[in-house]
Amino acid sequence: MAVSSRKGVTMADNKGCARPTGRVLGEEVDETDPKETAGKEEPKVVVKVGHKAPDFEAPAYLKGEFTNVKLSDALGHWAMLCFYPGDFTFV
Amino acid sequence: MAAVAVAHKELTDLDVKVMACSVDSTFVHKIWDEEELSKMVPGGIPFPMIADGGGHLGRVYGVYDENAGVNFRGRFIIDPDGVVQAMEVMTPPVGRNLKETIRQIKAFQHVRATKGGEATPAGWEPGGLTLKPGPNLVGKVWKVWKPTD
């Protein structure tokens, strides 16, 4: 299943000019040509209360630094994951 | 996001690791934090702001809006075993209520501390009456708890 929109862009490129993004862990990285997969189904929604939260690894900004975040690093603690529509929005 | 940052101390005291996530890049997160958020929250945002370009995480969490290309306002409470205990998803114009989120976290922590032996009725606040589910309580909740309590 495709979880990285840019083939070859890895977490290690985090500080370069590329625009890295996150990936869900436990998924196979799809190396096929994007043209061949046009219209392919997106990952299914798997989040349900009472079920495991899908693990992920993603680039993040934290107090002046660029870093990587892995959800499973929070195991053993409680976690609150807050999605929001966008930076510089008003609410 | 500033509201979450203001509640961060209380969340940390509850052993909650906070993560924020939008489709913006880490570069944009940096400038938003430096130029605006740090003027509302001393020191700026104290938790990681995840860059979810393409909405890969948002899709799997069911909050990605394909039309707008952004993630809805979604909040997930995840327990120490990595299990989602609560979720709330809202369209963009209405903000969160951190007080309610913290109330829920305290309630889930109480239930966990009792190994599921106790349940918290509607509107429960710490110190409030809890219910002990079992055969003796069936049909008898009215005796111990009222919705107006």
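For the structure itself, look to the data block above.
A. Representation of the overall build of chain A within the structure. A tally of regular secondary structure across chain A gives zero helices and four strands. Ordered by position from N to C terminus, the α and β elements of chain A give β-β-β-β. The 91 residues of chain A split such that 34% are buried. Summed over its atoms, the accessible surface of chain A is roughly 5,500 Å², and 53% of this surface lies on carbon and sulfur atoms.

B. Geometry of the packing of aromatic side chains. Taken as a whole, this structure holds eight aromatic pairs over all chains when the rule is applied. Taking 6.2 Å as the distance between ring centres and 80° as the angle between the ring planes, the aromatic pair formed by F56(A) and Y61(B) counts as edge-to-face. Here the residue F56(A) occupies a position in strand 2 (residues 56-62), and Y61(B) occupies one in the loop between helix 4 (56-60) and strand 3 (64-65), the pair thus bridging two chains. Here F56(A) matches Y61(B) in class, with each residue buried. With a centroid separation of 5.6 Å and an interplanar angle of 45°, the aromatic rings of F83(A) and Y61(B) are classed as tilted. One end of the pair, F83(A), is in strand 4 (residues 78-83); the other, Y61(B), is in the loop between helix 4 and strand 3, on a second chain. The exposure classification of F83(A) matches that of Y61(B), with both residues buried. Members of the aromatic cluster, connected to one another through ring pairs, are F56(A), F83(A), Y61(B) and F76(B).

C. Focus on the interface of chain A and chain B. Contacts between the two partners involve 50 residues from chain A and, on the opposite side, 71 residues from chain B. For the pair chain A and chain B, the summed buried surface comes to about 5,500 Å²; carbon and sulfur atoms form 66% of the total. The largest contributions to the chain A side of the interface with chain B come from W78(A), M80(A) and F83(A), which together make up 20% of the buried area. Our enumeration of links across chain A and chain B arrives at zero salt bridges. Applying the counting criterion to the chain A and chain B interface returns 26 residue pairs in polar contact (both at pLDDT 80 or more). Listed by contribution, the elements that provide at least two residues to the side of chain A that touches chain B are strand 1 (23-24), strand 2, strand 3 (65-70) and strand 4 of chain A. Considered class by class, the residues forming the side of chain A that touches chain B number 31 nonpolar, eleven polar and eight charged. Bridge count for strand 4 of chain A against strand 1 (residues 16-22) of chain B is six bridges, and the pairing is parallel. Counterpart to W78(A) in the pairing with strand 1 of chain B is V16(B).

Reading the values: rules and limits
- Residues numbered from 1 in each chain as written.
- Chains lettered and ligands numbered in written order.
- Predicted model: local features only at pLDDT ≥ 70, side-chain atom pairs only at ≥ 80, totals over all residues.
- Heavy atoms only, no water.
- Helix = DSSP H or I, 4+ residues; strand = E, 2+ residues; numbered from the N terminus.
- Buried < 20%, exposed > 50% of the residue type's maximum accessible area, 1.4 Å probe, protein only.
- Areas by Shrake-Rupley, 256 points an atom, 1.4 Å probe, with all protein chains shown as cover.
- Phe/Tyr/Trp six-rings, centres within 6.5 Å; stacked < 30°, edge-to-face > 60°.
- Contact = heavy atoms within 4.5 Å.
- Buried area = accessible area lost by both parts, 1.4 Å probe.
- Salt bridge = Lys/Arg side-chain N within 4 Å of Asp/Glu carboxyl O.
- Polar contact = N/O pair within 3.5 Å; in protein donor to acceptor, adjacent residues only side chain to side chain.
- Nonpolar A, V, L, I, M, F, W, Y, C, P; charged D, E, K, R; others polar.
- Pairing = 2+ DSSP bridges.

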